[in-house]
Amino acid sequence: QVQLVESGGGLVQTGGSLRLSCAASGRTFSTYTMGWFRQAPGKEREFVAAFRWSGGSTYYADSVKGRFAISGDNAKRTVYLQMNSLKREDTAVYYCAASDRRFGWTTGYNYWGQGTQVTVSS
């Protein structure tokens, strides 16, 4: 079993930055892809970014490309989401997810954290 715990959420002003962390514990050796998703009020949960431990490749949603950066610390089994130039539309609950599948960037995640709130105000 894999447990994921997010942290780093909070309230920031438009144009500000936040760094989210996702600490993985348990049988982390089975995970291949780590992802960040978000869900805003009244909207469906959407994919934000993904990172693969093997090779360190990344993939981003168009809405955050150029502003967000996902990275991972293999030794700590922790993934990060650096969010810059935040917009009001980025306000959402952000969820960390993990997948034991080798392929697939936006789907197939079988482990989820409980989420952390990110609020961007102007």
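The sections below set out a description of the structure shown in this document. (Residues numbered from 1 in each chain as written. Predicted model: local features only at pLDDT ≥ 70, side-chain atom pairs only at ≥ 80, totals over all residues. Heavy atoms only, no water.)

**A word on the sheet that holds strand β7 (residues 68-73)**
Consideration 1: Pairing is antiparallel in the open sheet, where 4 strands are placed in the order β1-β3-β8-β7. Whereas interior strands pair on both sides, the edge strands pair on one side only; in this sheet they are β1 (2-7) and β7. When the angles between neighbouring strand axes are averaged without regard to direction, this sheet yields 15°.
Consideration 2: Strand direction decides the pairing type here: strand β3 (residues 18-26) and strand β8 (residues 78-83), joined by 6 bridges, are antiparallel. Within β8, the position partnered with Arg 19 by the bridge is Gln 82. (Pairing = 2+ DSSP bridges. Helix = DSSP H or I, 4+ residues; strand = E, 2+ residues; numbered from the N terminus. Axes fitted to C-alpha atoms, helices over the stretch in contact; angles between N-to-C directions.)

**Some details on the pairing of strand β5 (residues 46-52)**
Consideration 1: Burial within β5 is extensive, with 6 of its 7 residues counted as buried.
Consideration 2: Direction of pairing for strand β4 (residues 33-39) relative to β5: antiparallel, over a ladder of 6 bridges. From the neighbouring strand, Met 34 faces β5, where its bridge partner is Phe 51.
Consideration 3: The hairpin formed by β4 and β5 contains 6 residues between the paired strands, and Gly 42 there has a positive phi angle of roughly 80°.
Consideration 4: Pairing analysis gives 3 bridges linking β5 to strand β6 (residues 58-60), with the strands arranged antiparallel. Within β6, the position partnered with Ala 49 by the bridge is Tyr 60. (Buried < 20%, exposed > 50% of the residue type's maximum accessible area, 1.4 Å probe, protein only.)

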